[in-house]
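Next come the chains, spelled out residue by residue.
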Amino acid sequence: MTNTTGYDSAGLLDVARSAALEVGDLIREGFGAAGGISFKRDFHDVVTEYDKRAEQVIVDILQSKVPGSTVCGEEGGFLAGDADATVESAITWYVDPIDGTGNFARGLPFCCVSIAAATADALVAGIVYDPLRREEFTAADGAAYCNGERLEASAARSDSEAVLVTGFPKHRPWERGGRPDPARFAELVDRFRSVRRIGSAALTLAYVAAGRIDVALGVRTSPWDVAAGALLVECAGGAYVPLRSEGDDDLPVWDVDSHVAFGRGFDLDQSCLADLVGR
(Lines give C-alpha, C1' and ligand atoms only; values in the text may rest on other atoms or scores of the structure.)
Protein backbone atom coordinates (compact mmCIF):
# COMPACT_ATOMS: atom_id res chain seq x y z
CA MET A 1 0.00 0.00 0.00
CA THR A 2 2.98 2.32 -0.37
CA ASN A 3 1.91 5.49 -2.14
CA THR A 4 2.82 5.49 -5.83
CA THR A 5 -0.01 7.79 -6.91
CA GLY A 6 1.83 11.09 -6.99
CA TYR A 7 -0.45 12.62 -4.36
CA ASP A 8 1.08 14.56 -1.47
CA SER A 9 0.62 11.95 1.22
CA ALA A 10 2.34 14.00 3.89
CA GLY A 11 0.04 16.94 3.18
CA LEU A 12 -3.05 14.74 3.26
CA LEU A 13 -1.89 13.19 6.52
CA ASP A 14 -1.48 16.68 8.01
CA VAL A 15 -5.08 17.45 7.05
CA ALA A 16 -6.36 14.19 8.52
CA ARG A 17 -4.36 14.73 11.69
CA SER A 18 -5.66 18.27 12.17
CA ALA A 19 -9.25 17.01 11.77
CA ALA A 20 -8.75 14.12 14.21
CA LEU A 21 -7.11 16.27 16.86
CA GLU A 22 -9.79 18.93 16.51
CA VAL A 23 -12.45 16.57 17.88
CA GLY A 24 -10.31 15.24 20.73
CA ASP A 25 -11.77 17.57 23.36
CA LEU A 26 -15.31 16.84 22.19
CA ILE A 27 -14.78 13.08 22.52
CA ARG A 28 -13.16 13.41 25.93
CA GLU A 29 -16.10 15.56 27.02
CA GLY A 30 -18.66 12.97 25.92
CA PHE A 31 -16.81 9.86 27.13
CA GLY A 32 -19.20 7.78 29.21
CA ALA A 33 -22.29 9.68 28.00
CA ALA A 34 -24.54 6.62 27.96
CA GLY A 35 -27.63 8.83 28.22
CA GLY A 36 -27.06 10.11 24.68
CA ILE A 37 -27.40 6.71 22.99
CA SER A 38 -29.69 6.12 20.02
CA PHE A 39 -29.80 3.32 17.45
CA LYS A 40 -29.39 2.99 13.69
CA ARG A 41 -30.22 -0.37 12.08
CA ASP A 42 -31.05 -2.17 15.36
CA PHE A 43 -30.14 -2.27 19.04
CA HIS A 44 -26.68 -3.65 18.18
CA ASP A 45 -25.86 -0.51 16.16
CA VAL A 46 -25.29 2.29 18.66
CA VAL A 47 -24.75 5.98 17.90
CA THR A 48 -24.46 9.05 20.12
CA GLU A 49 -24.79 12.77 19.54
CA TYR A 50 -21.01 12.95 19.84
CA ASP A 51 -20.49 10.70 16.81
CA LYS A 52 -22.60 13.05 14.72
CA ARG A 53 -21.06 16.24 16.05
CA ALA A 54 -17.51 14.93 15.68
CA GLU A 55 -18.11 13.77 12.13
CA GLN A 56 -19.49 17.15 11.08
CA VAL A 57 -16.41 18.91 12.45
CA ILE A 58 -14.14 16.46 10.64
CA VAL A 59 -16.02 16.72 7.34
CA ASP A 60 -15.92 20.53 7.43
CA ILE A 61 -12.15 20.51 7.92
CA LEU A 62 -11.46 17.90 5.25
CA GLN A 63 -13.58 19.56 2.59
CA SER A 64 -12.31 23.04 3.38
CA LYS A 65 -8.64 22.05 3.30
CA VAL A 66 -8.93 19.68 0.33
CA PRO A 67 -11.59 21.25 -1.91
CA GLY A 68 -13.36 18.84 -4.20
CA SER A 69 -12.54 15.76 -2.19
CA THR A 70 -15.23 13.24 -1.29
CA VAL A 71 -16.08 12.01 2.20
CA CYS A 72 -17.43 8.57 3.06
CA GLY A 73 -18.44 8.75 6.71
CA GLU A 74 -20.13 6.35 9.06
CA GLU A 75 -22.77 8.82 10.18
CA GLY A 76 -23.13 11.14 7.18
CA GLY A 77 -22.89 8.68 4.34
CA PHE A 78 -21.28 9.53 1.01
CA LEU A 79 -20.67 13.25 0.42
CA ALA A 80 -19.45 13.76 -3.13
CA GLY A 81 -17.07 16.60 -3.82
CA ASP A 82 -16.93 18.94 -6.81
CA ALA A 83 -15.24 16.90 -9.51
CA ASP A 84 -14.07 20.09 -11.26
CA ALA A 85 -12.61 21.79 -8.22
CA THR A 86 -9.01 20.54 -7.99
CA VAL A 87 -6.85 17.52 -8.74
CA GLU A 88 -7.65 16.40 -5.17
CA SER A 89 -11.19 15.68 -6.33
CA ALA A 90 -9.93 12.14 -6.87
CA ILE A 91 -9.33 11.80 -3.11
CA THR A 92 -11.93 10.07 -0.96
CA TRP A 93 -11.79 10.35 2.82
CA TYR A 94 -13.00 7.44 4.96
CA VAL A 95 -14.13 8.76 8.32
CA ASP A 96 -15.24 7.02 11.50
CA PRO A 97 -15.62 9.81 14.07
CA ILE A 98 -15.80 7.36 17.00
CA ASP A 99 -14.94 3.76 16.26
CA GLY A 100 -16.00 1.79 19.30
CA THR A 101 -19.09 3.85 20.09
CA GLY A 102 -20.46 1.17 22.42
CA ASN A 103 -17.28 1.38 24.51
CA PHE A 104 -17.30 5.18 24.36
CA ALA A 105 -20.88 5.46 25.57
CA ARG A 106 -20.35 3.13 28.51
CA GLY A 107 -17.05 4.63 29.61
CA LEU A 108 -14.87 1.74 28.44
CA PRO A 109 -11.60 3.34 27.27
CA PHE A 110 -11.13 1.62 23.91
CA CYS A 111 -12.33 3.88 21.11
CA CYS A 112 -10.77 6.14 18.52
CA VAL A 113 -11.08 8.49 15.55
CA SER A 114 -10.19 6.91 12.20
CA ILE A 115 -9.52 8.96 9.04
CA ALA A 116 -7.95 7.75 5.80
CA ALA A 117 -7.33 9.31 2.40
CA ALA A 118 -7.58 7.09 -0.67
CA THR A 119 -7.52 7.26 -4.44
CA ALA A 120 -9.62 4.81 -6.45
CA ASP A 121 -7.18 1.97 -5.81
CA ALA A 122 -4.70 3.03 -3.12
CA LEU A 123 -4.63 4.24 0.45
CA VAL A 124 -2.28 7.20 0.69
CA ALA A 125 -2.56 8.51 4.27
CA GLY A 126 -4.27 7.58 7.50
CA ILE A 127 -4.57 8.28 11.20
CA VAL A 128 -6.10 6.35 14.07
CA TYR A 129 -6.27 8.71 17.03
CA ASP A 130 -7.04 7.59 20.58
CA PRO A 131 -8.09 10.82 22.31
CA LEU A 132 -8.26 9.18 25.74
CA ARG A 133 -4.63 8.04 25.70
CA ARG A 134 -3.63 10.82 23.32
CA GLU A 135 -1.97 8.31 21.00
CA GLU A 136 -1.67 9.21 17.31
CA PHE A 137 -1.08 6.26 14.99
CA THR A 138 -0.19 7.69 11.59
CA ALA A 139 0.77 6.22 8.22
CA ALA A 140 1.95 7.65 4.90
CA ASP A 141 4.67 7.04 2.31
CA GLY A 142 5.47 3.54 3.53
CA ALA A 143 6.07 4.39 7.19
CA ALA A 144 3.90 4.17 10.31
CA TYR A 145 4.36 5.99 13.61
CA CYS A 146 2.85 6.34 17.06
CA ASN A 147 3.42 9.80 18.50
CA GLY A 148 6.46 10.18 16.28
CA GLU A 149 8.05 6.80 17.04
CA ARG A 150 8.43 4.41 14.10
CA LEU A 151 6.23 1.32 14.30
CA GLU A 152 7.36 -2.18 13.39
CA ALA A 153 4.60 -4.77 13.41
CA SER A 154 5.95 -7.98 14.90
CA ALA A 155 4.03 -11.02 15.98
CA ALA A 156 4.33 -14.46 17.51
CA ARG A 157 4.80 -17.19 14.93
CA SER A 158 2.10 -19.70 15.86
CA ASP A 159 -1.50 -19.67 17.03
CA SER A 160 -0.51 -21.16 20.38
CA GLU A 161 1.81 -18.20 21.04
CA ALA A 162 -0.41 -15.45 19.64
CA VAL A 163 -3.05 -13.05 20.92
CA LEU A 164 -5.99 -12.79 18.52
CA VAL A 165 -8.42 -9.86 18.66
CA THR A 166 -11.69 -10.12 16.76
CA GLY A 167 -15.23 -8.84 16.50
CA PHE A 168 -16.37 -12.36 15.59
CA PRO A 169 -18.88 -13.87 16.15
CA LYS A 170 -21.60 -11.30 15.48
CA HIS A 171 -25.37 -11.30 15.68
CA ARG A 172 -25.57 -11.82 11.92
CA PRO A 173 -24.25 -15.26 10.88
CA TRP A 174 -21.00 -15.33 8.91
CA GLU A 175 -20.22 -19.06 8.57
CA ARG A 176 -17.45 -18.57 6.04
CA GLY A 177 -16.31 -21.83 4.51
CA GLY A 178 -19.53 -23.52 5.52
CA ARG A 179 -18.57 -23.81 9.18
CA PRO A 180 -21.05 -22.75 11.86
CA ASP A 181 -19.92 -19.65 13.75
CA PRO A 182 -19.93 -21.33 17.21
CA ALA A 183 -17.65 -24.10 15.94
CA ARG A 184 -15.28 -21.59 14.34
CA PHE A 185 -15.13 -19.49 17.50
CA ALA A 186 -14.53 -22.55 19.67
CA GLU A 187 -11.57 -23.47 17.46
CA LEU A 188 -10.12 -19.96 17.82
CA VAL A 189 -10.40 -20.16 21.61
CA ASP A 190 -8.79 -23.59 21.59
CA ARG A 191 -5.96 -22.79 19.18
CA PHE A 192 -4.87 -19.27 20.14
CA ARG A 193 -3.14 -18.37 23.39
CA SER A 194 -5.78 -15.70 23.97
CA VAL A 195 -8.87 -14.50 22.08
CA ARG A 196 -10.29 -11.08 22.90
CA ARG A 197 -13.24 -9.03 21.65
CA ILE A 198 -12.57 -5.42 22.53
CA GLY A 199 -14.84 -3.41 20.30
CA SER A 200 -12.91 -1.21 17.86
CA ALA A 201 -11.64 -2.55 14.53
CA ALA A 202 -9.61 0.58 13.80
CA LEU A 203 -7.78 0.62 17.13
CA THR A 204 -7.23 -3.13 16.94
CA LEU A 205 -5.45 -2.69 13.60
CA ALA A 206 -3.37 0.15 15.06
CA TYR A 207 -2.33 -2.21 17.84
CA VAL A 208 -1.33 -4.86 15.28
CA ALA A 209 0.85 -2.21 13.63
CA ALA A 210 2.37 -1.42 17.02
CA GLY A 211 3.05 -5.08 17.83
CA ARG A 212 0.68 -5.06 20.80
CA ILE A 213 -1.64 -7.58 19.12
CA ASP A 214 -0.39 -10.48 17.01
CA VAL A 215 -3.43 -11.17 14.83
CA ALA A 216 -6.76 -9.48 14.06
CA LEU A 217 -9.78 -11.13 12.48
CA GLY A 218 -12.30 -8.58 11.24
CA VAL A 219 -15.77 -9.70 10.19
CA ARG A 220 -18.47 -7.57 8.53
CA THR A 221 -16.46 -4.38 8.80
CA SER A 222 -17.07 -1.16 6.85
CA PRO A 223 -14.50 0.86 4.87
CA TRP A 224 -14.37 3.63 7.49
CA ASP A 225 -13.58 1.01 10.16
CA VAL A 226 -10.48 -0.35 8.46
CA ALA A 227 -9.04 2.01 5.84
CA ALA A 228 -6.62 3.86 8.13
CA GLY A 229 -5.80 0.74 10.12
CA ALA A 230 -5.07 -1.34 7.03
CA LEU A 231 -2.55 1.27 5.89
CA LEU A 232 -0.98 1.35 9.35
CA VAL A 233 -0.46 -2.41 9.36
CA GLU A 234 1.08 -2.45 5.88
CA CYS A 235 3.33 0.55 6.52
CA ALA A 236 4.53 -1.04 9.77
CA GLY A 237 5.62 -4.16 7.88
CA GLY A 238 2.65 -6.37 8.72
CA ALA A 239 0.08 -7.93 6.42
CA TYR A 240 -3.54 -7.00 5.83
CA VAL A 241 -5.31 -9.80 3.96
CA PRO A 242 -8.85 -9.16 2.69
CA LEU A 243 -11.09 -12.23 2.88
CA ARG A 244 -12.65 -11.95 -0.54
CA SER A 245 -15.90 -13.60 -1.54
CA GLU A 246 -17.30 -14.32 -4.97
CA GLY A 247 -18.10 -11.07 -6.77
CA ASP A 248 -15.78 -8.73 -4.89
CA ASP A 249 -12.50 -9.39 -6.72
CA ASP A 250 -12.40 -5.85 -8.07
CA LEU A 251 -13.03 -4.11 -4.75
CA PRO A 252 -10.12 -2.31 -3.06
CA VAL A 253 -8.95 -4.09 0.08
CA TRP A 254 -10.68 -1.66 2.43
CA ASP A 255 -14.05 -2.29 0.78
CA VAL A 256 -13.91 -6.05 1.42
CA ASP A 257 -15.95 -6.63 4.56
CA SER A 258 -13.70 -9.14 6.34
CA HIS A 259 -9.95 -9.48 6.86
CA VAL A 260 -7.06 -11.06 8.68
CA ALA A 261 -4.21 -8.78 9.74
CA PHE A 262 -1.00 -9.77 11.48
CA GLY A 263 2.51 -8.70 12.27
CA ARG A 264 5.73 -9.88 10.68
CA GLY A 265 6.63 -13.41 11.77
CA PHE A 266 3.15 -14.88 12.08
CA ASP A 267 2.78 -18.05 10.00
CA LEU A 268 -0.67 -17.79 8.43
CA ASP A 269 -0.19 -20.97 6.39
CA GLN A 270 0.06 -23.02 9.59
CA SER A 271 -2.76 -21.18 11.37
CA CYS A 272 -6.34 -22.32 11.82
CA LEU A 273 -7.18 -19.07 9.97
CA ALA A 274 -5.55 -20.32 6.75
CA ASP A 275 -8.74 -21.74 5.27
CA LEU A 276 -10.43 -18.33 5.54
CA VAL A 277 -8.14 -16.88 2.90
CA GLY A 278 -9.41 -19.32 0.26
CA ARG A 279 -12.84 -19.21 -1.31
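Everything below is about the structure shown above.
All of these numbers come straight from a predicted model, not from anything done at the bench.

Student: Help me understand the environment of Leu-231, please; the structure alone is not making it clear to me.
Tutor: By the secondary structure assignment, Leu-231 is in helix α7 (residues 223-235). In the structure, Leu-231 is positioned 115 residues away from Ala-116 in sequence and 8.4 Å away in space, judged by C-alpha atoms.

Student: Sorry if this is basic, but what is going on with the pairing of strand β13 (residues 215-219) here?
Tutor: Taken residue by residue, a regular strand's side chains alternate between the two faces of the sheet. Across the 5 residues of β13, 5 count as buried, placing the element largely inside the fold. Burial of β13 is two-sided: the residues Val-215, Leu-217 and Val-219 facing one way and the residues Ala-216 and Gly-218 facing the other way are all buried. Looking at chain direction, strand β11 (residues 163-166) and β13 are connected through 3 bridges and run parallel. Looking across to β13, one finds that Leu-164 is bridged to Val-215. Direction of pairing for β13 relative to strand β15 (residues 258-262): antiparallel, over a ladder of 5 bridges. Of the residues in β15, the one forming a bridge with Gly-218 is His-259.

Student: Please explain the packing of aromatic side chains as it appears in this structure.
Tutor: Two aromatic rings are characterised by how far apart their centres lie and by the angle between their planes. Within this structure, the stated rule accounts for 9 aromatic pairs. Between Tyr-50 and Phe-104, the aromatic rings sit 6.0 Å apart at their centres with planes inclined by 70°, giving edge-to-face as the arrangement. Here the residue Tyr-50 occupies a position in helix α3 (residues 49-65), and Phe-104 occupies one in helix α4 (residues 101-106), the gap between them amounting to 54 residues. The same class applies to Tyr-50 as to Phe-104, namely buried. When the ring of Phe-262 is compared with that of Phe-266, the centres are 5.5 Å apart and the planes differ by 55°; the resulting orientation is tilted. No difference in accessibility class separates Phe-262 from Phe-266, as the two residues are buried. An aromatic cluster is defined as three or more aromatic residues linked by ring pairs; in this entry it consists of Phe-31, Tyr-50 and Phe-104. Over the ring of Tyr-207 we find Arg-212; its NZ or CZ atom is 4.7 Å from the centre of that ring.

Student: Just checking my understanding: could you explain the nonpolar core for this structure?
Tutor: Taken as a class, soluble globular proteins show a tendency for nonpolar side chains to be buried jointly. Within the largest apolar cluster, 39 residues are counted, with the highest numbers of intra-cluster contacts made by Leu-123, Val-128, Phe-137, Leu-203, Leu-232 and Trp-254. Sorting the residues of this core by element identifies β6 (112-118), β7 (123-130), β8 (135-140), β9 (143-146), β11, α6 (201-209) and α7 as the ones contributing at least two each. With 9 residues, the top contributor of residues to this core is α7. Counting 32 residues, the second largest nonpolar core, distinct from the first, contains Ile-61, Val-71, Trp-93 and Val-95.

Student: Would you take a moment to explain the packing of helix α1 (residues 9-22) against α3 for this structure?
Tutor: Two quantities define a packed helix pair, namely the angle between the helix axes and the distance between the axes. In the contact formed by α1 and α3, the axes pass within 9 Å of each other and the chain directions differ by 155°. Accordingly, the angle class assigned to the pair α1 and α3 is roughly antiparallel. The two elements α1 and α3 cross, and the hand of that crossing is right-handed. Residue-level inspection shows Val-15, Ala-16, Ser-18, Ala-19 and Glu-22 of α1 in contact with α3, the latter providing Val-57, Ile-58, Ile-61, Leu-62 and Lys-65.

Student: Would you mind showing me how to read the environment of Arg-134 here?
Tutor: Residue position: Arg-134 is located in the loop between β7 and β8. Relative accessible area serves as the criterion here: at 47%, Arg-134 is assigned to the partly exposed category. A C-alpha to C-alpha distance of 9.1 Å links Arg-134 and Leu-21, two positions 113 residues apart in sequence.

Each value, and the rule that gives it
- Residues numbered from 1 in each chain as written.
- Predicted model: local features only at pLDDT ≥ 70, side-chain atom pairs only at ≥ 80, totals over all residues.
- Heavy atoms only, no water.
- Helix = DSSP H or I, 4+ residues; strand = E, 2+ residues; numbered from the N terminus.
- Buried < 20%, exposed > 50% of the residue type's maximum accessible area, 1.4 Å probe, protein only.
- Pairing = 2+ DSSP bridges.
- Phe/Tyr/Trp six-rings, centres within 6.5 Å; stacked < 30°, edge-to-face > 60°.
- Lys NZ or Arg CZ within 6 Å of the ring centre and 35° of its normal.
- Core = buried A, V, L, I, M, F, W, Y, C linked by side-chain atoms within 4.5 Å.
- Axes fitted to C-alpha atoms, helices over the stretch in contact; angles between N-to-C directions.
- Parallel < 35°, antiparallel > 145°, perpendicular 65-115°, else oblique.
- Left-handed = near helix turned anticlockwise from the far one by under 90°.
- Contact = heavy atoms within 4.5 Å.

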